[in-house]
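Coordinates in review
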Amino acid sequence: MDFAFDARTEELRAKLLAFMDEYVYPAEPVAHEQRAALSSPWRTPPVVEELKAEARRQGLWNLFLPDSGYGAGLTNLQYAPLAEITGRSPQLAPTALNCAAPDTGNMEVLAQFGDEAQRKQWLEPLLAGEIRSAFAMTEPEVASSDATNITTRIERDGDDYVVTGRKWYISGAMNPDCRIFIVMGKTDPDGADIRRQQSMVLVPRDTPGVEVRRAMQVYGYEDHWHGGHAEVVFDHARVPVSNLIGEEGGGFAIAQARLGPGRIHHCMRLIGMAERAIELMCRRAVSRTAFGKALAQQGVVHTWIADARVAVEQLRLLVLKTAWMMDTVGNKGAHTEIQAIKIATPRTVVDIIDKAVQLHGAGGVSQDFPLAELWAGARTLRLADGPDEVHQRSLARREIKRYL
Ligand SMILES: Cc1cc2nc3c(=O)[nH]c(=O)nc-3n(C[C@H](O)[C@H](O)[C@H](O)COP(=O)(O)OP(=O)(O)OC[C@H]3O[C@@H](n4cnc5c(N)ncnc54)[C@H](O)[C@@H]3O)c2cc1C
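Residues numbered from 1 in each chain as written. Predicted model: local features only at pLDDT ≥ 70, side-chain atom pairs only at ≥ 80, totals over all residues. Heavy atoms only, no water.

What counts here: UniProt positions are given in the numbering used here, feature names are shortened, and annotations may be inferred rather than shown by experiment.
The protein chain goes by Acyl-CoA dehydrogenase in an unreviewed UniProt entry, where it is assigned to Streptomyces minutiscleroticus. The record held by UniProt for the protein chain lists under Cofactor (unreviewed entry) the comment "FAD".

Here's what the structure looks like:
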């Protein structure tokens, strides 16, 4: 077993680490200042466009896409350590590299299931970072962790589909650059096979009947960096039948395919978030004194830091193993591992960030450190892309099946 990264990964890692130091970290305070001065807080601060241009110039662009016809052509194992580095600045770095969710998953869907016209119209500008996109599945009225529950209708009417339904927590949709929604709904609500009732259609934002109604919050944060998480209403929004992705009834399968890589990307970035929290924890611990001793000399702080380091090393090995399995036996073959990292990573990283918050005292929950926002972001990943319990159910059922 070889634990070293290959030459291409090492080269990209070195480049990306330098890019983070030279451009991304210094841009963090600038982006905050610029956002406060924007006409709408949902717009992208100009410094982010500068970061994108520089990343593209340096070849740090579309690293997530394994298809070299569209992206960098990296394997999951090669991309994993790079995504981790971007997680250290989750508000800026993934967007700077055009590797931010939900665009990444949407680009994968279009690359894999879109037809030529759809790829030309939507995938090309997404790959170029000219527009953003959203993925609209979850609905406020039903338990959407079970995708067979969704009620949005996609009804055929002549040469059109008519989309009617209400979605929420649609990430990215508040950003006016988000030009296209991939909407999951039912084309055959009474079909016998509950996993063939759903389809996916492309709905441009400017379609009459599409209303981006309000921004949903995350623990009180608007999450401007991710383009917010919107409630979106589709009221008889009419699109041509050519906007169907794949085939009628194929929506459920596409959703499953979309979520595999998305989950590992989240976990990779979460490890970077944990690394940032550990760094902040150590810096704070050596710089503050309480009751005559540096915080770094307190036994309890040693325990927090040691436990955090052990946990991150364990998580990273599991995530890298999962990436390697996805590359070698495919996403289906790596099913158990994908579930395992999605269960283990967010909850462990939440705990690590929470310790860092504690060590920072009031500063930890303040806007002067990134910890509170990191915590909220990590916590939501125990829900988004499937709640912990749904992954536990799925993993356990497979495990038990072997003994039936
Ligand atoms: C910040 C954020 C961003 C998001 N972005 C998007 C997006 O871009 N697009 C999109 O479509 N959705 C998005 N979501 C929605 C997310 O995918 C859903 O919240 C998630 O799938 C859960 O669905 P739900 O909220 O309807 O919860 P429900 O399905 O109502 O589940 C609620 C709870 O029930 C429990 N539960 C459910 N099933 C089981 C089970 N089998 N066993 C035991 N317990 C169970 C779990 O604890 C679960 O958390 C986002 C959510 C958040 C918080």
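1. Let's talk about empty space enclosed by the protein
Heads up, the rule is: With a 1 Å grid laid over protein atoms only, a set of points is called a cavity when a 1.4 Å probe fits there but cannot get out and a pocket when it is open yet has protein on both sides within 12 Å along at least five of seven lines; lining residues have an atom within 4 Å of a point. Grid points are joined across faces, edges and corners, and a volume is the space filled by probe spheres set on the points. The nonpolar class holds Ala, Val, Leu, Ile, Met, Phe, Trp, Tyr, Cys and Pro. Asp, Glu, Lys and Arg form the charged class, and all remaining residues, Gly among them, are polar. Just so you know, the domain bounds were taken from an automatic or database domain assignment.
The full count for this structure, using the stated rule, is three cavities of 30 Å³ or more. One number sums up the size of the largest cavity: a volume of about 80 Å³. Contributing to the lining of the largest cavity are 14 residues, with Arg35, Thr44, Pro45, Thr95 and Trp225 lying nearest its centre. Taken together, the residues of the lining of the largest cavity break down into five nonpolar, six polar and three charged. Domain assignment of the residues forming the lining of the largest cavity places at least three in each of domain 1 (7–114) and domain 2 (132–245). Lining the second largest cavity, in full, are Pro102, Asp103, Arg132, Ser133, Gly172, Asn175, His226 and Gly227. In terms of residue class, the lining of the second largest cavity is built from one nonpolar, five polar and two charged.

2. A few points about the UniProt feature "domain: Acyl-CoA dehydrogenase/oxidase C-terminal" (unreviewed entry) in the protein chain
Applicable threshold: Here a helix means four or more residues in a row that DSSP labels H or I, a strand means two or more in a row labelled E, and each is numbered from the N terminus.
Using the residue numbers shown here, the UniProt feature "domain: Acyl-CoA dehydrogenase/oxidase C-terminal" (unreviewed entry) corresponds to residues 249–398. Counted over residues 249–398, helix gives 79% and strand 3%. Its end C-alpha atoms are 25 Å apart.

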